[in-house]
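# Structural overview for review
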Amino acid sequence: MKKKADDYLFNEAIKYLGKYPATKKKISEILEKKLRNKKTYQKVIFPENITRQELIENIIKKLDELKIINERHFIETVFHYYEQSLFSLKKIKNKLFQKGFEQSLIEEYISKKVSENPDLELDILKRFILRKKLSKLETSELKKKLYQQSFSENSIYKVIRD
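Residues numbered from 1 in each chain as written. Predicted model: local features only at pLDDT ≥ 70, side-chain atom pairs only at ≥ 80, totals over all residues. Heavy atoms only, no water.

## Focus: the pattern of salt bridges
On inspection of all chains with the given rule, the structure shows six salt bridges. In this structure, the salt-bridge partner of K93 is E107, at a minimum N-O distance of 3.8 Å. Of this pair, K93 sits in helix α6 (residues 89–99) while E107 sits in helix α7 (residues 103–116); the two residues are 14 residues apart in sequence, bridging distant segments of the chain. Relative accessible area serves as the criterion here: at 34%, E107 is assigned to the partly exposed category. The salt bridge partner of E116 is K113, with a shortest N-O separation of 3.9 Å. Here E116 pairs with K113, and both are found in helix α7, just three residues apart, close to one helical turn. What makes E116 exposed here is its relative accessible area of 53%. Look at the salt bridges and you will find they share partners, linking E12, K15 and K34 into a network. (Salt bridge = Lys/Arg side-chain N within 4 Å of Asp/Glu carboxyl O. Helix = DSSP H or I, 4+ residues; strand = E, 2+ residues; numbered from the N terminus. Buried < 20%, exposed > 50% of the residue type's maximum accessible area, 1.4 Å probe, protein only.)

Pasting the structure below:
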């Protein structure tokens, strides 16, 4: 017996979220992939009056209303992971954007973290130097290594001065 498309796709989204945390963008991509699969058309009855994209948007809206997708909590977790991995703020922003977070959410979250700790990047930079044992390098070599890791110029100069 065929299922209704919205129920089927909602269940597929829940299955995916049960295994992996994901952003709205990622869930949208997963559902679009499901819709491109020919087997889906054998299992599902699609409503006549709604487009495939609207169907996906409705499912994501429903997941958001039920608080199943919580991007604010997810960005906090991912940011903490990248911070512990000693990535520069610039690199963290890029990684978060690649994960599928909206630019405005990324900017808002990072500015909140920087306002809580203005020396956040400096702290990451100092831990990076200690962990990678770069303190014995010459100034020019150290600058080169830190620029390669996308640390800001201000942070690099502050560390070199100290």
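## Quick look at the packing of helix α9 (residues 139–148) against helix α10 (residues 153–161)
At their nearest, the axes of α9 and α10 sit 11 Å apart, and the two run at 150° to each other. Judged by the inter-axis angle, α9 sits roughly antiparallel to α10. As α9 packs across α10, the resulting crossing turns out to be right-handed. On the side of α9, the interface is formed by T139, L142, K143, L146 and Y147, while α10 contributes E153, I156, Y157 and I160. (Axes fitted to C-alpha atoms, helices over the stretch in contact; angles between N-to-C directions. Parallel < 35°, antiparallel > 145°, perpendicular 65-115°, else oblique. Left-handed = near helix turned anticlockwise from the far one by under 90°. Contact = heavy atoms within 4.5 Å.)

## Considerations on helix α1 (residues 5–19)
Between its first and last C-alpha atoms α1 spans 22 Å; for 15 residues at 1.5 Å apiece the expected length is 21 Å, and the two agree. All of the buried residues in α1 are A5, Y8, L9, F10, E12, A13, Y16 and L17. Buried positions along α1 lie against β1 (3–4), α2 (24–36), α3 (38–43), β2 (44–45) and α4 (52–65). (Expected span 1.5 Å × (residues − 1).)

## Side note on unusual backbone geometry
A positive phi angle, near 65°, is found at L86, a position not held by glycine. Despite not being glycine, K133 has its phi angle at roughly 55°, a positive value. Looking at the element boundaries, K133 is found in the loop between α8 (120–131) and α9.

## Comments concerning the packing of aromatic side chains
Inspection of the entire model under this criterion finds seven aromatic pairs. Between the aromatic rings of Y41 and F46, the centroid separation amounts to 5.1 Å while the plane-to-plane angle is 40°, which identifies the pairing as tilted. Relative accessible area serves as the criterion here: at 36%, Y41 is assigned to the partly exposed category. With a relative accessible area of 14%, F46 lands in the buried category. A centroid spacing of 5.4 Å and a plane angle of 45° characterise the contact between F74 and F101, whose relative ring orientation is tilted. You can see F74 sitting in helix α5 (residues 71–84) and its partner F101 sitting in the loop between α6 and α7, a full 27 residues away along the chain. No difference in accessibility class separates F74 from F101, as the two residues are buried. Grouping aromatic residues by their ring pairs yields a cluster made of Y81, Y82 and F87. One residue, K25, lies across the ring of F97, its end atom 5.9 Å from the ring centre. The lysine or arginine in question, K91, covers the ring of F87, its NZ or CZ lying 4.7 Å from the ring centre. (Phe/Tyr/Trp six-rings, centres within 6.5 Å; stacked < 30°, edge-to-face > 60°. Lys NZ or Arg CZ within 6 Å of the ring centre and 35° of its normal.)

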